[in-house]
Amino acid sequence: MPGNVRRPHGGIRVAAGEPGGRLQELLDDTRQAIDDDRTDDVVRLSAAFHAEIVRLSGNRLLIESVKPLFGRMRWIFGLAHNRSNELQRDEHMELCNAILGGKAELAYTLAYSHIELGREPVLKGLAETLEP
């Protein structure tokens with residue numbers, strides 16, 4: 001890792017014994033919600049999945065900083081209606097596998113990619129929502 005910066009990752013914590021089963025459970029529930037075409041549940045479960053990743057990070061500053069945003073997270077994820085639920089599910093699955101496999105750097109890279117790929121659809125949905 002460049003310099004001496006340590007990133008606290010769920011993957012490291014899971015590899016060290018932190019239970020990660022809730023992350024897999026949320027992923028499985030999301031898969032079922034997608035299969036059943038329950039869009040509201042997909043959005044709710046996606047927000048819960050992201051919140052669990054933050055919790056698994058063990059980074060108290062991150063957890064406390066993001067906590068006020070959890071209520072908005074569902075709304076924000078709902079704005080990305082122009083992004084495939086299946087694509088997001090696949091990204092979540094890869095991220096979950098990296099975290100549960102203790103592969104912190106891979107998890108970091110996948111999380112960054114997931115955020116970047118979701119940014120444009122969310123911003124587009126936000127622009128549509130805020131137009132007069």
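The structure under discussion appears in the preceding block.
Just so we're clear, the structure is a prediction, and the values are computed from it rather than from any experiment. (Residues numbered from 1 in each chain as written. Predicted model: local features only at pLDDT ≥ 70, side-chain atom pairs only at ≥ 80, totals over all residues. Heavy atoms only, no water.)

**Side note on helix α3 (residues 39-57)**
Across its 19 residues, α3 extends 27 Å between first and last C-alpha, which sits within 8% of the 27 Å expected from 1.5 Å per residue. For α3, the complete set of buried residues consists of Val42, Val43, Leu45, Ser46, Ala47, Phe49, His50, Glu52, Ile53, Val54, Leu56 and Ser57. Where α3 ends, the next residue or the one after it, glycine 58, has phi of about 75 degrees, a positive value. (Helix = DSSP H or I, 4+ residues; strand = E, 2+ residues; numbered from the N terminus. Expected span 1.5 Å × (residues − 1). Buried < 20%, exposed > 50% of the residue type's maximum accessible area, 1.4 Å probe, protein only.)

**Quick notes on the pattern of salt bridges**
A side chain with one charge may pair with a side chain of the opposite charge, provided their charged atoms come close. Taken as a whole, this structure holds nine salt bridges when the rule is applied. Across the salt bridge formed by aspartate 36 and arginine 38, the nearest N and O atoms sit 3.5 Å from each other. Overall, the relative accessible area of 41% leaves aspartate 36 in the partly exposed class. Of the charged contacts, one joins arginine 89 and aspartate 90 as a salt bridge, the two residues approaching to 3.0 Å between their closest N and O atoms. (Salt bridge = Lys/Arg side-chain N within 4 Å of Asp/Glu carboxyl O.)

**A few points about the packing of helix α5 (residues 70-79) against helix α7 (residues 104-130)**
Between α5 and α7, the shortest axis-to-axis distance is 7 Å and the interhelical angle comes to 95 degrees. Of the possible angle classes, the one that applies to α5 and α7 is roughly perpendicular. Contacts from Trp75, Ile76 and Leu79 of α5 reach α7 at Pro121, Val122, Gly125, Leu126 and Thr129. When its residues are assigned to classes, the contact of α5 with α7 shows six nonpolar, two polar and no charged. (Axes fitted to C-alpha atoms, helices over the stretch in contact; angles between N-to-C directions. Parallel < 35°, antiparallel > 145°, perpendicular 65-115°, else oblique. Contact = heavy atoms within 4.5 Å. Nonpolar A, V, L, I, M, F, W, Y, C, P; charged D, E, K, R; others polar.)

**Considerations on the environment of glutamate 64**
With respect to the secondary-structure elements, glutamate 64 resides in helix α4 (residues 60-66). Sequence separation of glutamate 64 and valine 54 is ten residues, and the distance between their C-alpha atoms is 9.7 Å. At 3.0 Å, the side chain of glutamate 64 forms a polar contact with the side chain of lysine 67. (Polar contact = N/O pair within 3.5 Å; in protein donor to acceptor, adjacent residues only side chain to side chain.)

**Remarks on the nonpolar core**
Counting residues in hydrophobic clusters, the biggest one holds 16 residues, and the most contacted among them are Leu23, Phe49, Ile53, Leu95, Cys96, Ile99 and Ala107. If we skip the residues at most four places from it in the chain, leucine 23 touches Phe49, Glu52, Ile53, Leu56, Cys96 and Ile99. (Core = buried A, V, L, I, M, F, W, Y, C linked by side-chain atoms within 4.5 Å.)

**Focus: unusual backbone geometry**
Leaving glycine aside, a negative phi is the common case for residues, and trans is the common case for peptide bonds. With a phi close to 55 degrees, aspartate 37 is a non-glycine residue in the positive phi region. With respect to the secondary-structure elements, aspartate 37 resides in the loop between α2 (21-35) and α3. On the basis of relative accessible area, aspartate 37 is assigned to the exposed category, the value being 62%.

**Comments concerning the side chain of histidine 114**
When you line up the elements, histidine 114 lands in helix α7. Residue histidine 114 is classed as buried on the basis of its relative accessible area, which comes to 10%.

**A word on α5**
Taken as a whole, α5 has its buried residues at Met73, Phe77 and Leu79. Buried residues of α5 fall within an arc of 140 degrees about the axis and therefore sit on the same side. Away from its buried face by more than 90 degrees, α5 exposes Gly71 and Arg72. Here the buried face of α5 lies against α3, α4 and α7. (Arc of directions from axis to C-beta.)

Everything listed here is a matter of geometry and, on its own, says nothing about what the molecule does.
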